[in-house]
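Observations on chain architecture
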Amino acid sequence: MSSISLRSISKTYPDGKCAVRDVSLEIEDGSFVVLVGPSGCGKSTTLRMIAGLETISSGVLEIDGERMNEVRPKDRDIAMVFQNYALYPHLSVEDNMGFALRMRGVPKKERAARVRRAADLLGIDDILRKKPGQLSGGQRQRVALGRAIVREPKAFLFDEPLSNLDPDRRVSTRAEIRRIQRELGTTTIYVTHDHEEAMALGDVIVVMKDGDVLQSGPPGEVYDAPASAFVGAFLGSPTMNILCGVYRTSAGSGLVEITGVGEGDPLQIPTREGHPAMTDGDPCLLGVRPQLIRIDGDGPIVGEVVDLETLGFGTDVSIRAGEHEIRVRIEGGHGLGIGSKVRITIDPGSCHLFPPG
Ligand code: ADP
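So, here is what we can say about the structure in this document. (Residues numbered from 1 in each chain as written. Predicted model: local features only at pLDDT ≥ 70, side-chain atom pairs only at ≥ 80, totals over all residues. Heavy atoms only, no water.)

**Details of the nonpolar core**
By size, the foremost hydrophobic cluster in this structure holds 41 residues, and its most contacted members are Val34, Met97, Val143 and Tyr190. When residues no more than four places from it in sequence are discounted, the contact partners of Val34 are Tyr190, Thr192, Ala198, Leu201, Gly202, Val204, Ile205 and Val206. (Core = buried A, V, L, I, M, F, W, Y, C linked by side-chain atoms within 4.5 Å. Buried < 20%, exposed > 50% of the residue type's maximum accessible area, 1.4 Å probe, protein only. Contact = heavy atoms within 4.5 Å.)

**Focus: the pattern of salt bridges**
Under the criterion given, the structure shown has 24 salt bridges. Of the charged contacts in the structure, one is a salt bridge between Asp75 and Arg72, with a shortest N-O distance of 3.2 Å. Given the relative accessible area of 51%, Arg72 is considered exposed. A salt bridge links Glu257 to Arg248; the shortest N-O distance between them is 3.5 Å. Judged by relative accessible area, Arg248 falls into the partly exposed class, the value being 30%. The network of salt bridges with common partners includes Glu110, Arg114, Arg117 and Glu152. (Salt bridge = Lys/Arg side-chain N within 4 Å of Asp/Glu carboxyl O.)

**Regarding helix 4 (residues 137-150)**
Here helix 4 spans 20 Å end to end across 14 residues, near enough to the 20 Å set by a 1.5 Å rise per residue. Taken across its 14 residues, helix 4 has 10 buried, putting it largely inside the fold. Burial in helix 4 covers these residues: Gly138, Gln141, Arg142, Val143, Ala144, Leu145, Gly146, Ala148, Ile149 and Val150. Considering only its buried residues, helix 4 is in contact with strand 6 (78-81), helix 2 (93-103), helix 3 (108-122), strand 7 (155-159) and helix 5 (167-184). Just past helix 4, the residue Glu152 takes up positive phi, approximately 45 degrees. (Helix = DSSP H or I, 4+ residues; strand = E, 2+ residues; numbered from the N terminus. Expected span 1.5 Å × (residues − 1).)

What follows is the structure, encoded as structure tokens:
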């Protein structure tokens, strides 16, 4: 177990591409940190620099207070699990799991005991004699995990380890990864582009875009208080509505004015405490989650249903109001159909105010 510290880490590839810019993170001993963001945002590069598979262009990486920049990957004592869990096809599961220990000269008896403990934890005792070719994708993924666990490393690094699994298996395996990490208490850094996976797994999530860290913190906190429209829209499903508006002050209090909503134009939504400071006339973005918008008889916004998605437990409704399309998630179906006229209410208390950009 160990703490990992990244101080102003950057990576510029030889072709001049700056993949990671000035990233600083303090990863506490035993915590589960998830790097999340769209493809190409620099997650894997960050993880690979921690593993030692990429050189660090500038900044300092420390594990347990010791500088790691120049330390070879095999001497960093961390175990990495990839999307492609290359197992040795000619070795049994047991030998695959014990391979790294054998290379290090760990005696046979101890090796067998550590493999058995990991197999027990993963529930794969019954396949120890099989070869990788005889296993399902899910079983192979467990063996890859087992191989990392038996090493008893200072930290686990996971790079999209569930991408090759079908959706059901992804959900069950991620729960298992979380359970095992809690049980072992090993510091873990996990990379995914999937916001749900990130929220489900992380003690802390780190949202990245274009090589920058935009925001980090416990998933609930980042979800409830996104610092930018990008983070608000990236986390959560269905996607947060982002409406372009103008900030206005009147009688000492602030409001956001949104034009082009059709009847009742312009829509005025008072701002609340905690919103970023703005001055009269500033362009701004108003974010509101579809779950928090109400369809009701006397709402100020009038619109027409243009799309419906039935979810079983509820319905996702897209409503066109003037120039805007607003997504609303409701319970049940309200007897709505395409073309239904509805009124909706946006509660100021559920709105987020963001600077434009
Ligand atoms: P992610 O893991 O978030 O999908 P990566 O860290 O793999 O993103 O890549 C970040 C950026 O760096 C991307 O624009 C990618 O094309 C670029 N990149 C990755 N590896 C190399 C490389 N070896 N040489 C040049 N550019 C690279």
